[in-house]
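# Results of the structural survey
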Amino acid sequence: MKMKLLVLAALVALSGCASTATTDKLNALESRVAAAEQTANEAAAAARQAAGAAAAAAEAKAAADRAMQAAKEAGDRAARIAETCCARK
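Predicted, not measured: the structure shown is a model, and the values here were computed from it.

### Details of the overall build of the protein
Within the protein one finds two helices and zero strands. Counting all 89 residues of the protein, 6% fall into the buried class. Within the structure as shown, the protein displays about 7,100 Å² of accessible surface, and the carbon and sulfur contribution to it stands at 65%.

Following this line, the structure appears as structure tokens:
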């Protein structure tokens, strides 16, 4: 988009029909396009960062689920041992 505007500005300037108003409008348009591109780049960076945070959160949840499962299995084993040990007395 920026390249198209630069080409358009060059063609207008070379054609000799560029007035100060036209040049000012083209410069203003180029500035708006540059600002829009900067905003888009910042939004893309924020989206990448959010995706990374979401992936980290999913990984943390999976680790917590594994730890919970291991704790449950250890509790079950302890209960079975207690039943076997203590039931004979």
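### Thoughts on the pattern of salt bridges
Taken as a whole, this structure holds two salt bridges when the rule is applied. Note that lysine 61 is salt-bridged to aspartate 65, the shortest N-O span being 2.8 Å. One end of the pair is lysine 61 and the other is aspartate 65, both in helix H2 (residues 20-87) and four residues apart, which spans about a single turn. On the basis of relative accessibility, which here comes to 53%, the residue lysine 61 falls in the exposed class. Classification of aspartate 65 by relative accessible area gives partly exposed; the value is 41%. A salt bridge links aspartate 76 to lysine 72; the shortest N-O distance between them is 3.3 Å. With aspartate 76 and lysine 72 both in helix H2 and four residues apart, this pair spans about one turn of that helix.

What counts as what
- Residues numbered from 1 in each chain as written.
- Predicted model: local features only at pLDDT ≥ 70, side-chain atom pairs only at ≥ 80, totals over all residues.
- Heavy atoms only, no water.
- Helix = DSSP H or I, 4+ residues; strand = E, 2+ residues; numbered from the N terminus.
- Buried < 20%, exposed > 50% of the residue type's maximum accessible area, 1.4 Å probe, protein only.
- Areas by Shrake-Rupley, 256 points an atom, 1.4 Å probe, with all protein chains shown as cover.
- Salt bridge = Lys/Arg side-chain N within 4 Å of Asp/Glu carboxyl O.

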